[in-house]
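Listed here are the chains, written in short residue letters.
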Amino acid sequence: PLTLILTGIAGAAVSSPWVALPLCCLYLLMLLGNCCLLWAIRAEHALRTPMFQFLSMLALADLGLSLCTLPTVLAVSCVPASSLPFQACLAQMYFIHTFSAIESGVLVAMAFDRFVAICHPLRYGSVLSGSLVARAGVLIVLRGSCVVLPVAVLMARMPFCRARVLSHSFCLHQDMLRLACGDVRPSSWYGLGAVILTKGLDSLAILLSYVLILRAILGIVSPGARAKAFSTCICHLCAVLLFYIPLISLSVIHRFGRHLPPLAPTLLADAYLLLPPVLNPLVYSWKTKQIRRRILLLLCRR
């Protein structure tokens, strides 16, 4: 059966407990932070608003994205020359890119939420109703699942006749495509189109939302009200930057940075999949008093 060999942090099929220990700590911090965030939003009645419902979706997408990579990342850190059957690698690739597309869609929905809250505050409750939030969540999940599915179908038909060593401790489409032989153009072009249709359009929608938000904020006369309006967007801006900067950098390196050392794409891929799930709960807990209070209450009870 076709198997693919996973590599560790240094770009080689080696393991080290000094690598496994910080990775385990990061995954535990990710699980603890996102689970506490979900619990706080569910327990605090004041947080049952569209903004925090979208934040719950973001936490679930972060959990799914991280748990997809957890088995192979820890396996590579503990067992040298870890290998993965092709079908399992294909499934992991599908779920990684699906949850990534879902997270991108949730960030767009959160940007629209901030746009309505700042530009049309009197219509916030009527525009962002509970049914609209639910439909948006279903649409985001369906879009991510359906757009990535042809990527997995095309990759399943690819023959592999070259070296079978991946550049990461998990399976990504660009990395698997590098090992395939035959005509890879259909899969490559569709993968590029899928990225443009999801992350590309999403980033443009977020940029447009913030242009309108900035124009509305600059039109506020009171400096205190202007600062308060802008402070409601800080957490979302941090989440957008944490998600898109490593993603765009990794895509550019995979397509144009073949002469760079193997450590660069490896570190960027780990940052893309680990930094947002770990830091998003910390940012939102630090900026939101109700979440911080609920988490402190939970820790005190423990």
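In this text, all values refer to a predicted model and were calculated from it rather than measured experimentally.

Engineer: I tried to follow the overall build of the protein chain on my own but got confused; where do I start?
Structural biologist: Across its full length, the protein chain holds 11 helices and two strands. For the protein chain, the succession of helices and strands along the chain, N to C, is β-α-α-β-α-α-α-α-α-α-α-α-α. Classification of the 302 residues of the protein chain by burial places 46% in the buried group. Residue pairs in contact within the protein chain that sit at least 24 positions apart in sequence constitute 78% of those at least 6 positions apart. Entry remark: accessible area of the protein chain is about 15000 Å², with carbon and sulfur atoms responsible for 73%.

Engineer: For this particular structure, what's the right way to read the packing of aromatic side chains?
Structural biologist: Aromatic ring pairs: the centre-centre distance and the angle between the two ring planes describe each pair. Under the definition given, this model contains five aromatic pairs. Aromatic side chains phenylalanine 112 and phenylalanine 115 sit 6.3 Å apart centroid to centroid with 35 degrees between the ring planes, which places their arrangement in the tilted category. You can see phenylalanine 112 and its partner phenylalanine 115 sitting in helix H3 (residues 86-119), three residues apart, about one turn around the helix. Note on phenylalanine 115: relative accessible area 17%, which makes it buried. Relative to tyrosine 272, the ring of phenylalanine 243 lies with its centre 6.1 Å away and its plane at 55 degrees, an arrangement referred to as tilted. Here tyrosine 272 lies in helix H10 (residues 263-287) and phenylalanine 243 lies in helix H9 (residues 234-256), a separation of 29 residues in the sequence. Under the relative-accessibility criterion, phenylalanine 243 is labelled buried at 0%. Here tyrosine 272 falls in the buried class, since its relative accessible area comes to 3%.

Engineer: Help me understand a nonpolar patch on the surface in this model?
Structural biologist: Residues Leu197, Leu201, Leu204, Leu207 and Val211 make up a contiguous nonpolar surface patch of about 500 Å² in total accessible area. Here leucine 201 lies in helix H7 (residues 185-218).

Engineer: I'm lost on helix H5 (residues 130-156) in this one. Help?
Structural biologist: Within an α-helix, residues lying three or four positions from one another point in the same direction, as the helix has 3.6 residues per turn. Along its 27 residues, H5 runs 39 Å from first to last C-alpha, staying within 8% of the 39 Å computed at 1.5 Å per residue. At leucine 149, H5 shows its largest kink, close to 25 degrees, and the proline proline 150 lies no more than four residues downstream. Every buried residue of H5 is listed here: Val133, Gly137, Ile140, Gly144, Val147, Val148, Val151, Ala152 and Met155.

Engineer: Whenever I open this one, the pattern of salt bridges confuses me. Can you help?
Structural biologist: Opposite charge on two side chains allows them to pair when their charged atoms are near. Overall, the coordinates contain four salt bridges when judged by the stated rule. When the shortest N-O distance is used, the salt bridge between aspartate 202 and arginine 143 registers 2.8 Å. Of this pair, aspartate 202 sits in helix H7 while arginine 143 is found in helix H5, placing the two residues 59 residues apart along the sequence. Classification of arginine 143 as partly exposed rests on a relative accessible area of 24%. For the salt bridge of arginine 178 with aspartate 175, the shortest nitrogen-to-oxygen distance reads 2.9 Å. Highlighted residues: arginine 178 and aspartate 175, both in helix H6 (residues 173-179), separated by three residues, approximately one helical turn.

Engineer: In this structure, what is going on with the UniProt feature "transmembrane region" (unreviewed entry) in the protein chain? I would like to understand it.
Structural biologist: Per the UniProt entry, the sites bearing "transmembrane region" (unreviewed entry) are residues 20-40, 52-74, 94-112, 132-156, 203-221, 233-257 and 263-284 in this numbering. A distance of 27 Å separates the end C-alpha atoms of residues 94-112, which is 100% helix and 0% strand.

Rules used throughout
- Within any chain, residue numbers begin from 1 and follow the written order of that chain's sequence.
- Since the coordinates come from a predicted model, pLDDT governs what is reported: local features require at least 70, and pairs of side-chain atoms require 80 or more to be given and counted, while whole-chain, interface and lining totals use all residues.
- Calculated side-chain values reflect all of the structure's heavy atoms, with hydrogen atoms and water omitted.
- In this description a helix means any DSSP run of H or I spanning at least four residues, a strand means any run of E spanning at least two, and both kinds are numbered starting from the N terminus.
- Buried residues are those whose accessible area, probed at 1.4 Å on protein chains only, stays under 20% of the maximum for their type, while exposed residues exceed 50% and partly exposed ones sit between those limits.
- Contacts are residue-level and defined by heavy atoms, with any inter-residue pair within 4.5 Å sufficient.
- The protein chains shown are the only cover counted for residues, whose accessible areas, like all others here, come from Shrake-Rupley with a 1.4 Å probe.
- In summary, the pairing rule links any two rings of Phe, Tyr or Trp, Trp by its six-membered ring, whose centres are within 6.5 Å, and it sorts them by plane angle into stacked for under 30 degrees, edge-to-face for over 60 and tilted for everything else.
- Surface patches are drawn from residues lacking salt bridges whose relative accessible area is over 30%; two like charges belong together within 9 Å, two nonpolar side chains (Val, Leu, Ile, Met, Phe, Trp, Tyr) within 5 Å.
- Between Lys or Arg on one side and Asp or Glu on the other, a salt bridge is scored when a side-chain nitrogen of the former is within 4 Å of a carboxyl oxygen of the latter.
- What a helix should span is 1.5 Å times the count of its residues minus one.
- Think of it this way: the bend at a residue is just the angle between two axes, each fitted to seven residues, one set ending at that residue and the other starting at it.
- UniProt positions are given in the numbering used here, feature names are shortened, and annotations may be inferred rather than shown by experiment.

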